[in-house]
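Chain residues, written in single-letter form:
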Amino acid sequence: MKGLKHIVIFRLSAMGDVAMTVPVIRALIEQHPALRVTVVSRPFFKPFFKGIDRVDFFPVDVKKKHKGFLGLIRLYQDIKRLKPDYFADFHNVLRAQIVRTLFKFSGVPTAALDKGRATKKALTRAENKIFKPVQTMVENHCATLQQLGFSVSLEHPNFPPKAALAPELEVYSKEQHKTWIGIAPFAQYDSKVYPLDLMQNVVDELAEQENHLIFLFGGGEKEIALLNQVKRDNDNVIVMAGKVKLEVEMNLIQHLDVMLSMDSGNAHIAAMLGVKVVTLWGATHPYAGFAPFNQPIDYCMTADRTQYPLLPTSVYGNKKVEGYEDAMRSIDPADVCKKVLEVAQKK
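What you are looking at is a predicted structure, and each value in this text was computed from that prediction instead of being measured.

### Here we look at helix H4 (residues 117–124)
Note that an α-helix has 3.6 residues per turn; residues three or four places apart therefore point the same way. Inspection of H4 places Lys120, Ala122, Leu123 and Thr124 among the buried residues, and these make up the whole buried set. Contact partners of the buried residues in H4: helix H5 (137–147).

### Side note on the pairing of strand E6 (residues 179–184)
Most of E6 is tucked away: five of the six residues are buried. Across five bridges, the pairing between E6 and strand E7 (residues 212–216) is parallel. Residue pairing across strands places Thr179 opposite His212, the latter belonging to E7. A crossover links E6 with its parallel partner E7, the connecting element being helix H6 (residues 196–207), and its sense is right-handed. Pairing geometry for E6 and strand E9 (residues 258–262), over four bridges, is parallel. Directly across from Ile181, in E9, lies its bridge partner Val258.

### A look at the nonpolar core
One recurring pattern in soluble globular proteins: nonpolar side chains tend to sit buried together. Of all hydrophobic cores here, the largest spans 62 residues; its most connected members are Ile7, Phe48, Phe49, Leu145 and Phe215. It is helix H1 (residues 15–31) that provides the largest number of residues to this core, a total of nine residues. The contacts of Phe49, once residues within four sequence positions are left out, are Val18, Thr21, Val22, Ile25, Val39, Val55 and Phe57. Counting 33 residues, the second-largest nonpolar core is a separate cluster that includes Phe186, Ala207, Leu227 and Met328.

Criteria and cut-off values
- Residues numbered from 1 in each chain as written.
- Predicted model: local features only at pLDDT ≥ 70, side-chain atom pairs only at ≥ 80, totals over all residues.
- Heavy atoms only, no water.
- Buried < 20%, exposed > 50% of the residue type's maximum accessible area, 1.4 Å probe, protein only.
- Helix = DSSP H or I, 4+ residues; strand = E, 2+ residues; numbered from the N terminus.
- Contact = heavy atoms within 4.5 Å.
- Pairing = 2+ DSSP bridges.
- Right-handed = clockwise from strand over helix to strand, strands pointing away.
- Core = buried A, V, L, I, M, F, W, Y, C linked by side-chain atoms within 4.5 Å.

And the structure:
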């Protein structure tokens, strides 16, 4: 890749945020053929960028080599050896700011993400709420690249071609004539999680049809135990949590007809792969800029704002508001099933 300009894109976490960089990086590479990219992130996210032409991955060792202030100096030195022409900070937290500043002092053009905090605060505050969409995270990433002179259009996005089923998943190959539905019922904060009894109703209703194959996604011992409860004795409901690595899970997601997810990382992984995603929203809202990429707004099912007028109460779901604990119960399970099947049947 000699002679190409080289841009480093820095984004360490979280899973959904890193996934939202993928469509932007794909478009950047396609629309700027004289450019190559190195993504700097946590090792776990490397599969997100596998197979993208002219994109390399640099894993950050936040637990040892790159831990603490001296570790950030080493990280800067390690990245500098890659000889970047540009440094784009898609994270804009203290760790990223230190590395970015070092590159700026060394003469490398830099740009940083504008998170749009003021507009998000106006959307989520209780008084004088301004209820309108803010700029999305993918649009913010494009704006960051524009600071460096690289315009990126997401009007006609391309997605990776569907790969053959991974060997670990070949046991399901004879079931490919069925409607494959993924369900990821968990999120980082309780205010973003659809009540488990209602989700049980959704799974039970979808599982009634023998031509549906339902895959349950999650992670950690607690979530796996809950998913096994949700599965019940339904032969066409399969718990995937804890069974395969991320790369294999992504391969499975590619083969889904639809993913049902909370406002969480699984929604963004499915979206970056070009899979249709239905999302459920409680304390948060798609207007806050974190709706899955390239999904129609009617695929986002939100809690009832007539009943809960302060919604959204939070950008990330980490704020609790008294009386709003049951906001997601205003989303009817029957409506969720109807939407999932409606979206799954769209070509």
